[in-house]
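Residue-level listing of the chains:
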Amino acid sequence: MQLEDKRAIITGGAGGIGRATALAFAAEGAKVAVVDLDAAGADAVAGEITADGGEAIALQADVSVEIDIVRVVETTVDTFGGVDVVFNNAGIIVRSTAIDLTAEEWDRVFAVNVRSVFLMCKHVVPVMAADGGGSIVNTGSGWGLTGGANALSYCASKGAVVNMTRALAIDHGPQGIRVNSVNPGDTNTDMLRDEARQLGEDPSTFLADAADRPLGRMGEPGEIAAAVVWLASDASSYVTGTALVVDGGGIA
Ligand SMILES: NC(=O)c1ccc[n+]([C@@H]2O[C@H](COP(=O)([O-])OP(=O)(O)OC[C@H]3O[C@@H](n4cnc5c(N)ncnc54)[C@H](O)[C@@H]3O)[C@@H](O)[C@H]2O)c1
């Protein structure tokens, strides 16, 4: 098993990519703290893991709030004895240009997508460093590398995640901590359906358009999870600071 006895935190663990990754981590032997704003959703995912004989806890938290992050790290250490892996995956999107976006929307997107990554690293890096190291995977996006239409704050936030990942890798490599970003293209989750709603488009047309790429289809959450398992595991032991694109080709 690729993650035997690793102790992992997954934010946004109730959502499409987060849930798939929590299940994949558990299947590879990890103990998983499933963190989400959605308490019932986090409970359900942790319940799926424990029903299958794995170890998991559910933690309700807003990843943009520092006291929530401190509680998540402390509870995970108290429960599992440490933290070896973090998947910073919680994220939101607002589909607006600069003209239509409000300053409050800009701030919220940056709080959830960027501030959260800083806060988690601030509080988990000392724990990992004291234990000899670990692996942090941050969630960027193809649009964090290329930009995209009608999503100014999202593209800016994901670009920030990609570059802060490089800076974190430089700062904390000497402590044995690897930091990488996974950058999905369109993936079959509620986020895409939410985007269709925001743009006033028919969800099925929107999802069909998402298939317009070399592999001829959008991604499934398990396909992003497989890449995260690799970045989390010792199989990627010499990989840090990288932006791994998982998008069916053609976007980034
Ligand atoms: N689906 C895609 O096409 C796609 C493409 C590129 C990148 N991504 C990124 O992948 C990540 C996961 O997205 P997804 O597609 O699974 O979306 P999703 O909407 O299915 O899941 C997101 C999860 O994050 C949680 N969340 C939101 N705000 C939170 C907060 N403040 N605190 C704690 N949890 C919070 C939500 O409750 C939800 O469970 C996001 O960072 C997203 O930007 C997704």
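What you see is a predicted model, and the numbers here were worked out from it, not measured in a lab.

Calculation rules
Residues numbered from 1 in each chain as written. Predicted model: local features only at pLDDT ≥ 70, side-chain atom pairs only at ≥ 80, totals over all residues. Heavy atoms only, no water. Helix = DSSP H or I, 4+ residues; strand = E, 2+ residues; numbered from the N terminus. Buried < 20%, exposed > 50% of the residue type's maximum accessible area, 1.4 Å probe, protein only. Contact = heavy atoms within 4.5 Å. Pairing = 2+ DSSP bridges. Axes fitted to C-alpha atoms, helices over the stretch in contact; angles between N-to-C directions. Left-handed = near helix turned anticlockwise from the far one by under 90°. Nonpolar A, V, L, I, M, F, W, Y, C, P; charged D, E, K, R; others polar. Near = heavy atom within 4 Å. Polar contact = N/O pair within 3.5 Å; in protein donor to acceptor, adjacent residues only side chain to side chain. Areas by Shrake-Rupley, 256 points an atom, 1.4 Å probe, with all protein chains shown as cover. Core = buried A, V, L, I, M, F, W, Y, C linked by side-chain atoms within 4.5 Å. pLDDT = per-residue confidence, 0-100. Expected span 1.5 Å × (residues − 1). Bend = angle between axes of the 7 residues up to and from the residue. Patch = residues over 30% accessible without salt bridge, like charges linked within 9 Å, V, L, I, M, F, W, Y side chains within 5 Å. Salt bridge = Lys/Arg side-chain N within 4 Å of Asp/Glu carboxyl O. Lys, Arg positive; Asp, Glu negative; His and termini not counted. Charge placed at Lys NZ, Arg CZ, Asp CG, Glu CD. Phe/Tyr/Trp six-rings, centres within 6.5 Å; stacked < 30°, edge-to-face > 60°.

K.L.:
Give me the overall build of the protein: which residues, what numbers.
P.N.:
Per the secondary structure count, the protein includes nine helices and seven strands. Over its C-alpha atoms, taken along the principal directions, the protein stretches across nearly 45 × 35 × 35 Å. Residues counted as buried form 49% of the 252 residues belonging to the protein. Intrachain contacts of the protein at a sequence separation of at least 6 include 72% that bridge at least 24 residues.

K.L.:
Outline the sheet that holds strand S7 (residues 243-246), supporting the account with residue identities and numerical values.
P.N.:
Across the sheet, which stays open at both edges, the seven strands sit in the order S3-S2-S1-S4-S5-S6-S7 with parallel pairing between neighbours. In this open sheet, the two strands that pair with only one neighbour each are strand S3 (56-60) and S7. Strand-to-strand twist across the sheet, computed as the mean angle between neighbouring axes with direction ignored, equals 20°. Here strand S6 (residues 177-184) pairs with S7 via four bridges, running parallel. Looking at S7, one finds that Pro 184 is bridged to Val 246. Most of the contacts of helix H1 (residues 16-27) go to strand S1 (residues 7-11), to which it runs at about 170°, and overall it touches S1, strand S2 (31-36), strand S4 (85-88) and S6.

K.L.:
Would you mind going over the packing of helix H3 (residues 66-80) against helix H4 (residues 103-130) in detail, with residue names and values included?
P.N.:
In contact at an axis separation of 10 Å, H3 and H4 are set at 35° when each is read in the N-to-C sense. Classified by chirality, the crossing of H4 by H3 is right-handed. Residue-level inspection shows Glu 66, Ile 69, Val 70, Val 72, Val 73 and Val 77 of H3 in contact with H4, the latter providing Arg 115, Leu 119, Met 120, Lys 122, His 123, Val 124 and Val 127. Looking at the contact of H3 with H4 residue by residue, the classes come out as nine nonpolar, one polar and three charged.

K.L.:
Got a sec to walk through the site of the ligand? Specific residues and values, please.
P.N.:
Around the ligand, the structure places 29 residues, and the nearest of them are Asp 36, Asn 89, Tyr 154, Thr 187 and Thr 189. One of the backbone N or O atoms of Thr 187 is found 2.7 Å from an oxygen atom in the ligand. The contact in question runs from an oxygen atom of the ligand to an N or O atom on the side chain of Thr 189, over 2.6 Å. Taking 820 Å² as the accessible area of the ligand by itself, protein coverage stands at 91%. The dominant element in the shell around the ligand, judged by the number of residues it contributes, is helix H7 (residues 190-199), at three residues. Residues that form the shell around the ligand fall into these classes: 12 nonpolar, 11 polar and six charged.

K.L.:
Break down the nonpolar core for me, with residues and values.
P.N.:
Core analysis: the biggest nonpolar cluster contains 30 residues, and Ile 9, Val 72, Val 86, Met 120, Val 124, Met 128 and Ile 136 have the highest contact counts within it. Looking at this core, the elements with two or more residues in it are S2, S3, H3, H4, helix H6 (152-172) and S6. In this structure Met 120 touches Ile 9, Thr 11, Ile 69, Val 72, Val 73, Val 86, Asn 88 and Val 125, once residues within four positions along its chain are discounted. If you look at the next biggest cluster of nonpolar residues, it comprises 25 residues, including Ile 10, Ala 42, Val 45 and Ala 56.

K.L.:
Could you give me a rundown of the confidence of the model for the protein, with the residues and numbers involved?
P.N.:
Scored by pLDDT, the protein has a mean of 97; 99% of the residues are at 70 or more. For the protein, the element scoring lowest by mean pLDDT is helix H8 (residues 203-209), at 88; S1 scores highest, at 99.

K.L.:
Tell me about H4, and please be specific about residues and values.
P.N.:
With 28 residues, H4 ought to run about 40 Å at 1.5 Å a step, and its terminal C-alpha atoms sit 39 Å apart, in line with that. If you look at H4, its biggest bend is around 40°, right at Ala 111. After H4 finishes, the residue Gly 132 shows a positive phi value of roughly 95°.

K.L.:
So, a negative patch on the surface: which residues are in play, and what are the values?
P.N.:
A cluster of like negative charges, contributed by Glu 201, Asp 202, Asp 209 and Asp 212, occupies part of the molecular surface. Tracing the chain through its elements places Glu 201 in the loop between H7 and H8. With relative accessibility at 36%, the residue Glu 201 sits in the partly exposed group.

K.L.:
Provide a residue-level description of the packing of aromatic side chains, including the pertinent values.
P.N.:
Per the stated rule, a full pass over the model turns up one aromatic pair. Taking the centre distance of 4.7 Å and the plane angle of 20° together, the rings of Trp 106 and Phe 110 count as stacked. Taken together, the residues span about one helical turn, with Trp 106 and Phe 110 both in helix H4 at a distance of four residues. For Trp 106, a relative accessible area of 32% translates into the label partly exposed. With relative accessibility at 21%, the residue Phe 110 sits in the partly exposed group.

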